[in-house]
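What follows is each chain in one-letter form.
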Amino acid sequence: MDNVMAQLESLEVRYEEIQEMMADPEVIADTKRYMEITKEEADMREVVQKFRKFKADKEEIAGNKEIIADGSDPELVEMAKMENSELEDEISQLEDEIKILMLPKDPNDDKDIIMEIRGAAGGDEASLFAGDLLRMYEKYAENQGWKVSIVDSEQTEVGGYKRVAIMITGNKVYSKLKYENGAHRVQRIPVTESAGRVHTSTATVAVMPEYEQVDIDLDPKEIRVDVYRSSGAGGQHINKTSSAVRMTHLPTGIVVAMQDQRSQQQNRAKAMEILKSRVYDYYESQNRDKYDAKRKNAVGTGDRSERIRTYNYPQNRVTDHRIGLTLNKLDRIMNGELDEVIDALTVYYQTKQLEELAENA
């Protein structure tokens, strides 16, 4: 904890500098600079507050120890002992919280995401489950105050999705949803099942951070652009014009389709933005093999045996197999109440990170 304390002292000094800068008229006049400073202040605020509380508790304990050592007033001594016992517990909790806050930050945590959901094993039932997952994430996003846009989709005749891609924008989206990568398994009686048997199907979820203002130039000659009519909800505009756009980056084979915007020009602009992000991600991965391996590692093949989470409808149960968490509240989770699951996953992976740092220390 000594190394952490030294870092915290430096962090507090920097925090005080930032607060002074936020009151500087020159900084306030520079909008970009001011936004950078306020973001840095917001990122540091919680850990600095806890560190200050930690130091205040330490000082209070030292003061109480003087009263105990003096021993002239038995009543005061007893009160000091009781207070120190409570403060020691609080300090222990603060130490744990500070350690987690001081963990290296995932550089993608603040980013918006592109999420792809695909029906996998199970035919029509898998596509219907993909649609259920889409609605679950839409409701969760609504609860978080985020915005969801359907980028592209391929619906099935039964009303599900063979695949659907959405963009979710808001505050720290990737930090909350990055653990959703993988195969999601559902166990329930399909609506088409006449014998009342429980079937097992899967859908895969892939979560990718959206890279903002990617510094990469794409050769227009290497991009094939196809336009087609939009499908899905959208009132009179849908299916009236060829406003949807599909872009294919020929050297990598990466495809982006966009139909959520109101005009072909808007869809072209958004599709190009996303294409740049994905091509950038591809080249960051250095080669196709690493890129494919990363995606496969994220979502698996969709086989029923490859699952990160099971949704059991007859038992109203959700089980996350990575952390052994079981909750008998499937109805609420499918209604977007994912906080308990996501918080548990976050704590689990933070704890693993702390253990790895301790081993390497």
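Residues numbered from 1 in each chain as written. Predicted model: local features only at pLDDT ≥ 70, side-chain atom pairs only at ≥ 80, totals over all residues. Heavy atoms only, no water.

Comments concerning the overall build of the protein chain
Step number 1: From N to C terminus, the protein chain includes ten helices and eleven strands.
Step number 2: Burial status across the protein chain gives 39% buried among its 361 residues.
Step number 3: Considering only intrachain contacts with a sequence separation of at least 6, the fraction spanning at least 24 residues in the protein chain is 61%.
Step number 4: Working note: accessible area of the protein chain is about 20,100 Å², and carbon and sulfur atoms make up 46% of it. (Helix = DSSP H or I, 4+ residues; strand = E, 2+ residues; numbered from the N terminus. Buried < 20%, exposed > 50% of the residue type's maximum accessible area, 1.4 Å probe, protein only. Contact = heavy atoms within 4.5 Å. Areas by Shrake-Rupley, 256 points an atom, 1.4 Å probe, with all protein chains shown as cover.)

Observations concerning the pairing of strand S9 (residues 309-312)
Step number 1: Neither face of S9 is open: one carries Arg309 and Tyr311, the other Thr310 and Asn312, and all of them are buried.
Step number 2: With four bridges connecting them, strand S4 (residues 182-188) and S9 associate as parallel partners. Within the sheet, the bridge partner assigned to Arg185 lies in S9 and is Thr310.
Step number 3: Pairing geometry for S9 and strand S10 (residues 317-320), over four bridges, is antiparallel. (Pairing = 2+ DSSP bridges.)

So, a nonpolar patch on the surface
Step number 1: Residues Ile67, Leu76 and Met79 make up a contiguous nonpolar surface patch of roughly 260 Å² in combined accessible area.
Step number 2: Inspection of the secondary structure puts Ile67 in helix H3 (residues 31-70). (Patch = residues over 30% accessible without salt bridge, like charges linked within 9 Å, V, L, I, M, F, W, Y side chains within 5 Å. Salt bridge = Lys/Arg side-chain N within 4 Å of Asp/Glu carboxyl O.)

Concerning the confidence of the model for the protein chain
Low-pLDDT stretches of the model should not have their predicted coordinates read in fine detail.
Step number 1: When the pLDDT values of the protein chain are averaged, the result is 85; 87% of them are 70 or greater.
Step number 2: Below a pLDDT of 50 lies the segment residues 298-305, which in the model reaches 23 contacts outside its immediate sequence neighbourhood of four places, other chains included. (pLDDT = per-residue confidence, 0-100.)

Some remarks on the pairing of S4
On a regular strand, each side chain points to the face opposite its neighbour's, so the side chains alternate between the two faces of the sheet.
Step number 1: With seven of seven residues buried, S4 is to be regarded as a mostly interior element.
Step number 2: Where S4 lies against strand S5 (residues 199-209), seven bridges are found, and the strand directions are antiparallel. Looking across to S5, one finds that Arg185 is bridged to Thr202.

Some thoughts on unusual backbone geometry
Step number 1: Within the chain, Lys172 stands out as a residue other than glycine whose phi angle is a positive 55 degrees.
Step number 2: Along the chain, the position of Lys172 falls in the loop between strand S3 (161-169) and helix H6 (173-177).
Step number 3: On the basis of relative accessibility, which here comes to 33%, the residue Lys172 falls in the partly exposed class.
Step number 4: Phi is positive for Asn316, which is not a glycine, with a value near 50 degrees.
Step number 5: Position of Asn316 among the secondary structure elements: in the loop between S9 and S10.
Step number 6: The exposure class assigned to Asn316 is partly exposed, which follows from its relative accessible area of 26%.

A short note on the sheet that holds strand S7 (residues 244-249)
Step number 1: Pairing is antiparallel across the open sheet formed by three strands, whose spatial order is S6-S7-S8. Either end of the sheet is taken by a strand with one partner, and the two such strands are strand S6 (223-228) and strand S8 (254-258). Going across the sheet, the axis of each strand differs from the next one's by a mean of 15 degrees, ignoring polarity.
Step number 2: For S7 and S8, the ladder comprises five bridges, and the chain directions are antiparallel. From the neighbouring strand, Arg246 faces S8, where its bridge partner is Ala257.
Step number 3: Relative to S8, helix H7 (residues 264-284) is tilted by about 155 degrees, and along the sheet it contacts S6, S7 and S8. (Axes fitted to C-alpha atoms, helices over the stretch in contact; angles between N-to-C directions.)

Notes on the layout of surface pockets
Step number 1: Of the voids in this model, the largest pocket is the one considered here, and its volume is about 1,300 Å³.
Step number 2: Those elements that place two or more of their residues in the lining of the largest pocket are H3, helix H4 (74-101), H6 and helix H10 (339-360).
Step number 3: Sorting elements by how many residues they give to the lining of the largest pocket places H10 first, with eight residues.
Step number 4: Residues belonging to the lining of the largest pocket are distributed by class as follows: 14 nonpolar, six polar and 17 charged. (1 Å grid on protein atoms, 1.4 Å probe; cavity = no way out; pocket = protein on both sides within 12 Å on 5 of 7 lines; lining within 4 Å. Points joined across faces, edges and corners; volume = space filled by probe spheres on them. Nonpolar A, V, L, I, M, F, W, Y, C, P; charged D, E, K, R; others polar.)

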